[in-house]
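These are the residues of each chain, in order.
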Amino acid sequence: MYAKGMATEPDVELAAVRFVCELFARNRHLSEGPVAVEAPESTLEAIRAQGIPEHGRALDDVVAEMEHEVIGYGYNADHARFLGFVPGPTSAISWLGDIIAAGYNRHAGSFANYPAGLAAEDVLLAWCADQAGFPADTAGGLFVSGGSMANLTALAAARDAMLPEDAWDRGVAYVSEQTHSSVAKGLHIIGIPREHVHAVSCDDAWRMDIDTLEDAIEADRAAGLIPFAVVGTAGSTNTGSVDPLREIARVCAENHLWMHVDGAFGASVLITRYRDMLDGVELADSLSWDAHKWLFQTYSCGMVLVRDRANLLNTYSTHPEYLKDLQDRTDLVNPWDLGPELTRPARGLKLWFTLQAMGSAGLAEAVEHGFTLARWVEDECRKNPDIEIVSPAQMAMVNFRYAPAGLAEDELDELNLDISRRMLESGYAGVFTTELAGKKVLRVCAIHPEAKEEDMRGTVQRLNALYAEALETRRA
Ligand SMILES: Cc1ncc(COP(=O)(O)O)c(C=O)c1O
């Protein structure tokens, strides 16, 4: 199997162990370097030019190349001051759990393949469904790759539960102006016409406006369309806002609609003392929850949870002849019957491992820290009269902009973009822009359990300094 000069299996194992040990040691200090390292064009060109060799190369060379030329560039979303997107601060415990699970590389599509691994995933899914308040006797779920897949998986089940097959093109789903784009993408994939994804306006706290929702449902029905689902958000991507879930549940019950909650970011609040923020989520039919966001797991680790597992089975269960040998335990439901994937890794195991090692209280405390981080940012912002708080601290997010008198709106947009870019170039923190009410604003999403008060206040203070520099450049 091995050609002369090629790496052998034991070589590879040794190299892997060494690499993992070194990386683990460094992983604990990921916040020491800059938040972003730009890949030189020459590096990208070299990778492209190298192509795929016909014959294998010396393993040490390939390992060194992976380490120095491939994986180290880009944004370090694990950095304590990376405050863009939803950052990915990874618990070292999750990382270790991931390595162990990947090392064994078990096929986690069915219980027969991986009985204890899937029992652990099942316990965890039941615990998460219980945190959401779903009924224990019917609830179920599945670990999927992330929030986008969780939304898609749930929405296909919603479509099948609520719409006859010959009426998919008349189905209407309601989202808000602040709903994550993956929801509309998922609806498109499952065959709902783009013009039937109704974006309901929000109130001034970025929450779905219920009167508008009710009017829209009535108007669509009158036009011969078939409303079938409302998607509420628990922790919106821009501001961390939570839609009025209890009200959405009432509207869904009155109109016979499926209620999905996108909690990809904010469902983690369910395990904390802030749980009441998600009041009404227990009435939903389905919930998305990303563990690779605010539960500190390595990618990719999302969950779709449903009030009634029968709905996932209805959409996804298949019984081909080549899998019959693995289906004799009728008391167990195989993951491949609950979602689109057949072969899958046991993505939930690292979270199970994390919870065993940290306990739910330890994890809750780490999530709650995000609330404190956002408050420190807001507090520091309020000291500068030129800063306008556009959306105050909600969950772990704050939005603000530098808005000195005398500049037009488009000039303010340019100014804030300029400040964000200067910060990224400095390597100190990652603060990106988004748009709210037509304004370009600086958005902070701060969830790193090891980030400190000085990181948060220091970031705003440096933004203040960069603001002064940017104004200076404008005047020059
Ligand atoms: C509210 C919300 N839903 C869905 C997603 C998509 O999740 P993923 O990137 O894991 O697919 C995100 C990502 O930030 C999100 O914030």
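The rules behind the values
- Residues numbered from 1 in each chain as written.
- Predicted model: local features only at pLDDT ≥ 70, side-chain atom pairs only at ≥ 80, totals over all residues.
- Heavy atoms only, no water.
- Pairing = 2+ DSSP bridges.
- Helix = DSSP H or I, 4+ residues; strand = E, 2+ residues; numbered from the N terminus.
- Axes fitted to C-alpha atoms, helices over the stretch in contact; angles between N-to-C directions.
- Contact = heavy atoms within 4.5 Å.
- Near = heavy atom within 4 Å.
- Polar contact = N/O pair within 3.5 Å; in protein donor to acceptor, adjacent residues only side chain to side chain.
- Nonpolar A, V, L, I, M, F, W, Y, C, P; charged D, E, K, R; others polar.
- Buried < 20%, exposed > 50% of the residue type's maximum accessible area, 1.4 Å probe, protein only.
- Right-handed = clockwise from strand over helix to strand, strands pointing away.
- Core = buried A, V, L, I, M, F, W, Y, C linked by side-chain atoms within 4.5 Å.
- Left-handed = near helix turned anticlockwise from the far one by under 90°.
- Salt bridge = Lys/Arg side-chain N within 4 Å of Asp/Glu carboxyl O.

### Some words on the sheet that holds strand β11 (residues 397-402)
- Read from one edge to the other, the open sheet built from 4 strands follows the order β10-β11-β13-β12, with strand pairing classed as antiparallel. The open sheet has two edge strands, β10 (387-394) and β12 (432-436), and neither has a second partner. Here the strands of the sheet are splayed against their neighbours by 30° on average, with no regard to which way each runs.
- Here β11 pairs with strand β13 (residues 439-445) via 4 bridges, running antiparallel. Note that in β13 the partner of Met 397 across the bridge is Cys 445.
- Along the sheet face, helix α13 (residues 409-426) touches β11, β12 and β13 and points at about 30° away from the line of β13.

### Thoughts on the site of the ligand
- Close contacts around the ligand come from 14 residues, with Gly 147, Ser 148, Asp 262, Asp 290 and His 292 the closest.
- Between the ligand and Ser 148, the relevant distance is 2.6 Å, taken from an oxygen atom to a side-chain nitrogen or oxygen of the residue.
- Elements with a minimum of two residues in the shell around the ligand: α6 (147-162) and α10 (291-294).
- Looking at the shell around the ligand residue by residue, the classes come out as 2 nonpolar, 9 polar and 3 charged.

### Things to note about the pairing of β13
- Of all 7 residues in β13, 6 are buried, a share of seventy percent or more.
- Pairing analysis gives 5 bridges linking β12 to β13, with the strands arranged antiparallel. By the bridge assignment, Leu 436 is partnered in β13 with Lys 439.
- The turn joining β12 and β13, which pair antiparallel and follow one another in sequence, is formed by 2 residues; a positive phi near 50° is taken by Ala 437.

### A closer look at the sheet that holds strand β9 (residues 302-306)
- If you walk across this open sheet you meet the 7 strands as β3-β9-β8-β7-β6-β4-β5, and the pairing is mixed. Of all the strands in the sheet, just β3 (140-144) and β5 (197-200) have a single pairing partner and so form its edges. For this sheet the average axis-to-axis angle between neighbouring strands, irrespective of direction, equals 20°.

### Observations concerning the pairing of strand β4 (residues 171-176)
- Of all the 6 residues making up β4, 6 are buried; the element is thus mostly covered by neighbouring parts of the structure.
- Burial of β4 is two-sided: the residues Gly 171, Ala 173 and Val 175 facing one way and the residues Val 172, Tyr 174 and Ser 176 facing the other way are all buried.
- Sheet topology note: the β4/strand β6 (residues 226-233) ladder contains 4 bridges and is parallel. Among the inter-strand pairings, Tyr 174 is bridged to a residue of β6, identified as Val 230.
- Pairing between β4 and β5: 4 bridges, direction parallel. Paired with Ser 176 across the two strands is Val 200, which belongs to β5.
- Note on the crossover from β4 through helix α7 (residues 181-189) to β5: the handedness is right-handed.

### Quick look at the nonpolar core
- Ranked by internal contacts, the top residues of the largest apolar core, which has 58 residues, are Leu 213, Phe 265, Leu 287, Trp 289, Trp 294 and Leu 351.
- The element contributing the most residues to this core is helix α12 (residues 349-381), with 7 residues.
- Beyond its immediate sequence surroundings of up to four residues, Trp 289 is in contact with Cys 128, Gln 131, Gly 263, Ala 264, Ala 267, Ser 268, Leu 270, Ile 271, Leu 295, Gly 302, Met 303 and Leu 305.

### Quick notes on the packing of α12 against helix α14 (residues 453-475)
- Relative to each other, α12 and α14 sit at 35°, their axes nearing to 9 Å. Here α12 runs over α14; the crossing is right-handed. Every residue of α14 that contacts α12 at Leu 373, Trp 376, Val 377, Asp 379, Glu 380 and Cys 381 is listed here: Glu 453, Met 456, Arg 457, Val 460 and Gln 461.
- Residue composition of the contact of α12 with α14, by class: 6 nonpolar, 1 polar and 4 charged.

### Notes on the pattern of salt bridges
- Considering all chains together, one arrives at 28 salt bridges under this definition.
- In this structure, the salt-bridge partner of Arg 246 is Asp 279, at a minimum N-O distance of 2.8 Å. Here Asp 279 lies in the loop between β7 (258-263) and β8 (286-290) and Arg 246 lies in helix α9 (residues 245-255), a separation of 33 residues in the sequence.
- With relative accessibility at 39%, the residue Arg 246 sits in the partly exposed group.
- Of the residues examined, Asp 279 reaches a relative accessible area of 36% and is grouped as partly exposed.
- Put simply, Asp 379, Glu 380, Lys 383, Glu 453 and Arg 457 are held in one network by salt bridges that share partners.

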